[in-house]
Amino acid sequence: MEILNLQQGSEAWHQHRVRHFCASEAAAAMGVSKYQTRDELLHQKHTGLAPEVDAATQRLFGAGHAAEASARAIAEQIADTEFAPLVGVETINGMPLLASFDGIDMMGETPWENKLWSQSLVAQVEAGELEPHYWAQLEHQLLVSSG
């Protein structure tokens, strides 16, 4: 995995996302996303045009980033390692992949993904049965980090 010196949300980060297949898009690519259809993703990748982020969605993104920051210390304690947010890329079978990790250990072996709390997600985690919408992103991250 090549590590990019990019801050998530920056203009440079957005430019890289246009040229790569991203972990957060994996569910849409597989047709299992709650938020975007596969056709919408393909159109976005073909044209390079992403939908405008409205104020409500931006607030949700902000809440997610705040949750990541506050949960990182807890995750580090549980995993007994330090996690750093980073952006990594890997080309596999000619396909340029990108993953924006909420955290990954210094050896690049243990990624950590944080989600906003919801009863539905907690129940899925407790049952050990994540909806495809979630596991598609996690599998993509593992693919990028293990290269």
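Our structure is the block above this text.
Below: a short report on this structure.

## Quick notes on the packing of aromatic side chains
In this description, an aromatic ring pair is defined by two values, namely the gap between the centres and the angle between the planes.
Here comes step 1: Going through the model one piece at a time under the given rule, you end up with 1 aromatic pair.
Here comes step 2: Between Phe83 and Trp112, the ring centres sit 5.9 Å apart and the planes meet at 25 degrees, which makes this aromatic pair stacked. In this pair, Phe83 sits in the loop between helix H4 (55–79) and strand S3 (84–92) while Trp112 sits in strand S5 (residues 111–112), placing the two residues 29 residues apart along the sequence.

## Observations concerning the pairing of S3
Here comes step 1: Relative to S3, strand S1 (residues 2–4) runs antiparallel, the two sharing 3 bridges. Bridged to Glu2 within S3 is Val89.
Here comes step 2: Note that S3 and strand S4 (residues 95–104) share 8 bridges and pair antiparallel. Bridging across to S4, Ala84 finds its partner in Ile104.
Here comes step 3: Where S3 hands over to S4, the hairpin turn is made up of 2 residues, of which Asn93 adopts a positive phi near 50 degrees.

## Considering H4
Each turn of an α-helix holds 3.6 residues, which means side chains three or four residues apart point in the same direction.
Here comes step 1: Between its first and last C-alpha, H4 extends 35 Å over 25 residues, near the 36 Å set by a 1.5 Å rise per residue.
Here comes step 2: Where H4 bends most, at Ala71, the angle is about 40 degrees.
Here comes step 3: Buried within H4 are the following residues: Gly64, Ala67, Glu68, Ala71, Arg72 and Ala75.
Here comes step 4: In the core, the buried residues of H4 are packed alongside S3, S4 and S5.
Here comes step 5: Phi turns positive, to about 55 degrees, at Asp80, one or two residues after H4.

## Focus on the environment of Val87
Here comes step 1: Secondary-structure assignment places Val87 in strand S3.
Here comes step 2: Look at Val87 and you get buried, because its relative accessible area is 0%.
Here comes step 3: Between the C-alpha atom of Val87 and that of Pro132, which follows or precedes it by 45 residues, the distance is 23 Å.
Here comes step 4: Residues in contact with Val87, not counting those within four places in the same chain, are Glu2, Ile3, Leu4, Leu6, Gln8, Trp13, Leu98, Ala99 and Ser100.

## Re the pairing of S4
Here comes step 1: Burial within S4 is extensive, with 8 of its 10 residues counted as buried.
Here comes step 2: Where strand S2 (residues 21–22) lies against S4, 2 bridges are found, and the strand directions are parallel. By the bridge assignment, Cys22 is partnered in S4 with Leu98.
Here comes step 3: Here S4 folds back onto S5 in antiparallel fashion, the turn holding 6 residues, of which Gly108 has a positive phi close to 70 degrees.

## Considerations on the pattern of salt bridges
Here comes step 1: Inspection of the entire model under this criterion finds 4 salt bridges.
Here comes step 2: A salt bridge links Arg17 to Glu25; its shortest N-O distance comes to 3.7 Å.
Here comes step 3: Across the pair Glu25 and Lys45 runs a salt bridge whose closest N-O atoms are separated by 3.0 Å. Pair noted here: Glu25 is in the loop between S2 and helix H2 (26–29) and Lys45 is in helix H3 (residues 38–47), with a separation of 20 residues, a long-range link.
Here comes step 4: Under the relative-accessibility criterion, Glu25 is labelled buried at 6%.

Rules and cut-offs
- In this convention, every chain numbers its residues from 1, walking through the sequence in written order.
- At least 70 in pLDDT is required for a residue's local features to be given in this predicted model, at least 80 for side-chain atom pairs to be given and counted, and no such filter applies to totals for whole chains, interfaces and linings, which use all residues.
- Excluding hydrogens and water, the side-chain figures rest on all heavy atoms present in the structure.
- Note on aromatic pairs: the rings of Phe, Tyr and Trp (six-membered ring only in Trp) are paired at centre separations within 6.5 Å, and the planes decide the class, stacked below 30 degrees, edge-to-face beyond 60, tilted for the rest.
- Counting from the N terminus, the helices are the DSSP runs of H or I reaching at least four residues and the strands are the DSSP runs of E reaching at least two.
- Two strands make a pair as long as DSSP finds a minimum of two bridges between them.
- Working rule for helices: expected span equals 1.5 Å times residues minus one.
- Two axes enter the definition of the bend at a residue: one is fitted to the seven residues ending there, the other to the seven starting there, and the bend is the angle between them.
- Only protein chains enter the area calculation, which uses a 1.4 Å probe; residues under 20% of their type maximum are buried, those over 50% are exposed, and those in between are partly exposed.
- We call two residues in contact when some of their heavy atoms are within 4.5 Å.
- What counts as a salt bridge is simple: a side-chain nitrogen of Lys or Arg found within 4 Å of a carboxyl oxygen of Asp or Glu.

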